[in-house]
Amino acid sequence: MHMEQDANIFIYNGLKDAGIRFIVSVPDTLISPVLNAIDKDPNFIHIIATREEEGVGIAIGAYFGGYKVAILMQNTGLGNSLNAIASQGISYKIPLLMLMTLRGHLEEYNPADVAFGQATPQILSALRIPCYIPNTNEELYRTIIGAAKLAETSQEPVVILLQKHLFRKIER
Amino acid sequence: MLRRIEVLKALCNKIGDKDLIICMFGHAANDLLYLKDRPENFYMRGGMGLASSIGLGLALTVPNRRVIVIDGDGSILMNLGSFATIARYAPKNLIHIILDNESHYTAGDLPTATASKTDLAAVARGAGIENSLLVKDISEFDKALDKALSENGPHVIVAKVARESAMKWAPPKRLVYLKERFMRAINPDHPNLPKL
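None of the values given here were measured: they were computed from a predicted structure. (Residues numbered from 1 in each chain as written. Chains lettered and ligands numbered in written order. Predicted model: local features only at pLDDT ≥ 70, side-chain atom pairs only at ≥ 80, totals over all residues. Heavy atoms only, no water.)

Draft legend 1. Structural view of a nonpolar patch on the surface. Among the surface-exposed residues, Tyr34, Met167 and Trp169 of chain B lie close enough to one another that they form a single nonpolar patch of about 310 Å² accessible area. With respect to the secondary-structure elements, Met167 of chain B resides in the loop between β8 (155-160) and α8 (175-186). (Patch = residues over 30% accessible without salt bridge, like charges linked within 9 Å, V, L, I, M, F, W, Y side chains within 5 Å. Areas by Shrake-Rupley, 256 points an atom, 1.4 Å probe, with all protein chains shown as cover. Salt bridge = Lys/Arg side-chain N within 4 Å of Asp/Glu carboxyl O. Helix = DSSP H or I, 4+ residues; strand = E, 2+ residues; numbered from the N terminus.)

Shown next, in the form of structure tokens:
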């Protein structure tokens, strides 16, 4: 698999090795290489949703259908999907692995993304959704494998927030 | 004008034993529970607007089973993007039935946009779902449903129904029970559930 040697390849390998074969996404620039790769890979079903809330619904349907599922989005999409995550994901005990690029933190350039970005960890904590923020790409890979297992065990949503620095190309 | 109960009765009489139903929360779920409760029915108790999305994810992952979504006008108006996504991924086994009473009836009977201008069957067609019909009496509904049950989907049937209260039944509040009963109806050895 040819891909940028940044978080993208670690996300691809993590999802694959965790046995996840159904991915719903609302695209984001940082994760576009892994989404493009998944979109072309016959090992995955990849559905691009119009909105994150819709994506949560699609992922729940695929979980009913027997797949292990993950949702990839920007953390702004968490705001668009909170009620679906709470009223369906948590309440019906659905193991949703959610990977979100983290906007509104270090190096942010868009003032519109700061408020929700800064509030994101506390919003997740208010809903008692486990949230992990890996600092290196090796840690990211292990976190994806571990979070998929945790979601399966707890039968509840688990979030991994993807910091911007993980997407810097590794110098060789 | 159709009655919701006669639409659901016709549906229950025509579908196969293995067909899966995703039903929105509200009066329609109460009617369905009264008419024909079965493990193959999944009842939502929230998540307004998401029935068709859950149906899409399910239809794509169990292509050998028919998936029928029971939705409302107020619900689908919250998630019109769902028509576009369904059209794009086009599962052949998905039938999306919208009971259009032109009202947020379950939420206090305020009119929805279909009471004035919006034609949901035309919206679905515009989004790319070619098999999309608006029906106004029971013979039209029967015909549309027969077509949907015999030809490849996705299908949308928008049935104009009266604003009527349902029986005083409601889906159980044990949500995990509702989920697990449904999943075991899909697969008794469901890989996403612990062994019994």
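Draft legend 2. Examining the interface of chain B and chain A more closely. Counting residues at the interface gives 33 residues for chain B and 28 residues for chain A. Both faces combined, the contact of chain B with chain A buries some 2,400 Å², and carbon together with sulfur accounts for 63% of it. Where chain B meets chain A, there are 0 salt bridges. Here chain B is connected to chain A by 13 residue pairs in polar contact (both at pLDDT 80 or more). The set of elements that each furnish at least two residues to the side of chain B that touches chain A consists of β2 (41-43), α3 (51-61), α5 (81-89) and α8 of chain B. (Contact = heavy atoms within 4.5 Å. Buried area = accessible area lost by both parts, 1.4 Å probe. Polar contact = N/O pair within 3.5 Å; in protein donor to acceptor, adjacent residues only side chain to side chain.)

Draft legend 3. Seen up close, the pairing of strand β2 (residues 45-48) of chain A. Residue and element names in this part refer to chain A. Where strand β1 (residues 22-25) and β2 come together, 4 bridges link them in parallel fashion. Within β2, the position partnered with Ile23 by the bridge is His46. In terms of handedness, the path from β1 via helix α2 (residues 32-40) over to β2 forms a crossover that is right-handed. (Pairing = 2+ DSSP bridges. Right-handed = clockwise from strand over helix to strand, strands pointing away.)

Draft legend 4. Expanded view of helix α2 (residues 27-36) of chain B. All names here are of chain B. Counted residue by residue, α2 has 7 buried out of 10 residues, so it is predominantly covered. The complete set of buried residues in α2 reads His27, Ala28, Ala29, Asn30, Asp31, Leu32 and Leu33. Those residues of α2 hidden inside the fold are in contact with α1 (4-14), β1 (20-23), β2, β3 (67-72) and β4 (94-100). (Buried < 20%, exposed > 50% of the residue type's maximum accessible area, 1.4 Å probe, protein only.)

Draft legend 5. Structural detail: the sheet that holds β2 of chain A. Residue and element names in this part refer to chain A. Strand order in the open sheet made by the 6 strands is β2-β1-β3-β4-β6-β5, with parallel pairing throughout. What marks the edges here is a single partner per strand, and that holds for β2 and β5 (131-132). The sheet strands contacting helix α3 (residues 52-64) are β1, β2 and β3 (69-74), and the helix crosses β3 at an angle near 170 degrees. (Axes fitted to C-alpha atoms, helices over the stretch in contact; angles between N-to-C directions.)

Draft legend 6. How the structure looks around the environment of Arg103 of chain A. All names here are of chain A. Mapped onto the elements of the fold, Arg103 is located in the loop between β4 (97-101) and α5 (114-126). By relative accessible area, which is 12% here, Arg103 ends up buried. Separated by 12 residues in sequence, Arg103 and Ala115 place their C-alpha atoms 9.6 Å apart. For Arg103, the contacting residues outside a window of four places in its chain are Gln74, Asn75, Glu108, Tyr109, Asn110, Asp113 and Gly117. Looking at Arg103, its side chain comes within polar contact range of the side chain of Glu108, at 2.7 Å.

Draft legend 7. Local environment of helix α6 (residues 120-127) of chain B. Residue and element names in this part refer to chain B. All of the buried residues along α6 are Leu120, Ala121 and Ala124. When α6 is viewed along its axis, its buried side chains cluster within an angular range of 105 degrees and face the same direction. One or two residues past the end of α6 sits Gly128, with phi positive at roughly 115 degrees. (Arc of directions from axis to C-beta.)

Draft legend 8. Spatial organisation of the pairing of β4 of chain A. Residue and element names in this part refer to chain A. Counting buried positions over the 5 residues of β4 gives 5, a clear majority of the element. Pairing geometry for β3 and β4, over 5 bridges, is parallel. Paired with Met73 across the bridge in β4 is Met100.

Treat this as a map of the structure, not an account of what it does.
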